[in-house]
Amino acid sequence: MVPTQYYLILSAILFGLGVVAFVFRRNIITIFMSIELMLNAVNLSFVAFSQSMPANHPHKLDGQLFVLFVIVVAAAEAAVGLGIIILTARNRQSLNVERVDLLKL
Amino acid sequence: MSAPLVIFFILAALAVIGAVSLILQKHPIHSALSLIVVMVALAGLYLLMGSEFVAAVQIIVYGGAIMVLFVFVIMLLNAGEEERTDFSKLAKFGGLPLALALTGLLAATMTKHGASIPNPETAGVLAPTRDLSKLLFTTFVYPFELTSFLILVAIIGALVLAQREKS
């Protein structure tokens, strides 16, 4: 049996790595991927808390349902976000976020 | 060490290696493949925790649909190696220590206070998918319907963004 604590520590480490990737990468697609990494880390702690509850608790499965909602929102976000990325890349001829510094071209 | 603990450490190491590789790879397609490794490892962890439905959704939606979308866009835009631009001085010297401090703080908090969180009495009991769906269509029916509206908005948004301007 794995203690719940271990899952939470792993979740914290993955979230921190997601933040590092978000701050340090320059490619707009990679930055978007690091957001997905952070969402995944949070999902892990949701499921860990869900399984740590006693078996007949009325809210035991709520955590897993939140994960489903997070995944749906992430899918919607990916569709819109990648549309925005394609548009930006077309207009500026670059994927580097440091080149996207003008409000109007 | 018991078998679940060994599996946990293997999958956790796989996830962390994938995440570090996401940061270090220069080419976006390599980063995307690293992220897929992280997601598959997390799906394994969900299975280990006994939530088989979430594991299946993780593989199908995250590892399948969303990552295919990412790879598709990378190939569509012909994204090459990342161009290096100068960090500001503050980001160069302050960024990594601050990010590591955040990670350390989160992990330390979990280590210190996480011990009071109860552990499951029986490991690996599968969460019944039937109960999950019952909950989804009774207690959480309004959020569920709102989700379908959100997806509709996302579809329209993506279509509007993707269409070329008439010139």
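Residues numbered from 1 in each chain as written. Chains lettered and ligands numbered in written order. Predicted model: local features only at pLDDT ≥ 70, side-chain atom pairs only at ≥ 80, totals over all residues. Heavy atoms only, no water.

**With respect to the overall build of chain B**
Check the secondary structure of chain B and you find six helices and zero strands. Reading chain B from its N end, one meets helices and strands in the order α-α-α-α-α-α. Expected size for 167 residues packed as a compact globule is a radius of gyration near 15 Å; at 21 Å, chain B overshoots this value by more than 25%. Counting only C-alpha atoms and orienting by the principal axes, one finds that chain B spans roughly 60 × 45 × 25 Å. Taking contacts inside chain B between residues at least 6 apart in sequence as the whole, the part at least 24 apart equals 60%. Here chain B has roughly 10,200 Å² of accessible surface; of this, 73% comes from carbon and sulfur atoms. The average position of the 9 basic charges and that of the 9 acidic charges among the side chains of chain B differ by 5 Å. (Helix = DSSP H or I, 4+ residues; strand = E, 2+ residues; numbered from the N terminus. Rg over C-alpha atoms; globule rule 2.2 N^0.38 Å. Contact = heavy atoms within 4.5 Å. Areas by Shrake-Rupley, 256 points an atom, 1.4 Å probe, with all protein chains shown as cover. Lys, Arg positive; Asp, Glu negative; His and termini not counted. Charge placed at Lys NZ, Arg CZ, Asp CG, Glu CD.)

**Some points on the packing of helix α3 (residues 62–92) of chain A against helix α5 (residues 129–137) of chain B**
One way to put it is that α3(A) packs onto α5(B) with a least axis distance of 10 Å and a crossing angle of 70°. Classified by the angle between their axes, α3(A) and α5(B) sit roughly perpendicular to one another. The two elements α3(A) and α5(B) meet at a crossing, and its hand is right-handed. From α3(A), A:Asp62, A:Gln64, A:Leu65 and A:Phe69 reach across to α5(B), where they touch B:Leu132, B:Leu135 and B:Leu136. (Axes fitted to C-alpha atoms, helices over the stretch in contact; angles between N-to-C directions. Parallel < 35°, antiparallel > 145°, perpendicular 65-115°, else oblique. Left-handed = near helix turned anticlockwise from the far one by under 90°.)

**Points about the side chain of A:Ser52**
Residue position: A:Ser52 is located in helix α2 (residues 28–52). Within polar-contact distance, the side chain of A:Ser52 engages the backbone oxygen of A:Phe49 at 2.8 Å. (Polar contact = N/O pair within 3.5 Å; in protein donor to acceptor, adjacent residues only side chain to side chain.)

**Considerations on the interface of chain B and chain A**
Between chain B and chain A, the contact holds 82 residues from the first and 71 residues from the second. Of the roughly 7,000 Å² buried between chain B and chain A on both sides combined, carbon and sulfur atoms contribute 76%. The largest share of the area that chain B buries against chain A comes from B:Met49, B:Phe70 and B:Leu161, three residues that together contribute 10% of it. Taken together, the connections running from chain B to chain A amount to zero salt bridges. At the boundary of chain B and chain A, one finds eight residue pairs in polar contact (both at pLDDT 80 or more). Counting residues per element, the ones that place at least two in the side of chain B that touches chain A are α1 (3–24), α2 (28–48), α3 (52–76), α4 (89–113), α5 and α6 (141–162) of chain B. For the side of chain B that touches chain A, the class distribution of residues is 62 nonpolar, 13 polar and seven charged. (Buried area = accessible area lost by both parts, 1.4 Å probe. Salt bridge = Lys/Arg side-chain N within 4 Å of Asp/Glu carboxyl O. Nonpolar A, V, L, I, M, F, W, Y, C, P; charged D, E, K, R; others polar.)

**Comments concerning α1(B)**
The terminal C-alpha atoms of α1(B), which comprises 22 residues, lie 32 Å apart, in line with the 32 Å expected from a rise of 1.5 Å per residue. Those residues of α1(B) that sit buried are B:Leu5, B:Phe8, B:Leu11, B:Ala12, B:Ala15, B:Gly18, B:Ala19, B:Ser21, B:Leu22 and B:Ile23. On its buried face, α1(B) sits against α1 (4–24) and α2 of chain A together with α2 of chain B. (Expected span 1.5 Å × (residues − 1). Buried < 20%, exposed > 50% of the residue type's maximum accessible area, 1.4 Å probe, protein only.)

**Focus on the nonpolar core**
Counting residues in hydrophobic clusters, the biggest one holds 66 residues, and the most contacted among them are A:Tyr7, A:Ile29, A:Met33, A:Leu44, B:Phe8, B:Leu45 and B:Phe70. Among the elements of the structure, α1, α2 and α3 of chain A together with α1, α2, α3 and α5 of chain B are those that each provide at least two residues to this core. Among the elements that make up this core, the one with the highest residue count is α3(A) (eleven residues). Residues in contact with B:Phe8, not counting those within four places in the same chain, are A:Val2, A:Tyr6, A:Tyr7, A:Leu10, B:Leu45 and B:Leu48. (Core = buried A, V, L, I, M, F, W, Y, C linked by side-chain atoms within 4.5 Å.)

**Looking at the packing of aromatic side chains**
As enumerated under the stated definition, the model contains nine aromatic pairs over all chains in all. Between A:Tyr6 and B:Phe9, the ring centres sit 5.9 Å apart and the planes meet at 45°, which makes this aromatic pair tilted. One end of the pair, A:Tyr6, is in helix α1; the other, B:Phe9, is in helix α1, on a second chain. Residue classification places B:Phe9 among the partly exposed positions, given a relative accessible area of 38%. (Phe/Tyr/Trp six-rings, centres within 6.5 Å; stacked < 30°, edge-to-face > 60°.)

**A look at a nonpolar patch on the surface**
Among the surface-exposed residues, B:Leu146, B:Phe149, B:Ile151, B:Leu152, B:Val153, B:Ile155, B:Ile156, B:Leu159 and B:Val160 lie close enough to one another that they form a single nonpolar patch of about 880 Å² accessible area. Structurally, B:Phe149 is set in helix α6. (Patch = residues over 30% accessible without salt bridge, like charges linked within 9 Å, V, L, I, M, F, W, Y side chains within 5 Å.)

**Regarding the side chain of A:Asn96**
Mapped onto the secondary structure, A:Asn96 falls in the segment after α3. Polar side-chain contacts of A:Asn96 include one of 2.8 Å to the backbone nitrogen of A:Glu98.

**A word on the pattern of salt bridges**
Residue and element names in this part refer to chain A. This structure, assessed with the given rule, holds one salt bridge over all chains. With a shortest N-O distance of 3.3 Å, Glu98 and Arg26 are connected by a salt bridge. In this pair, Glu98 is assigned in the segment after α3 and Arg26 in the loop between α1 and α2, connecting sequence segments 72 residues apart. Under the relative-accessibility criterion, Arg26 is labelled buried at 7%.

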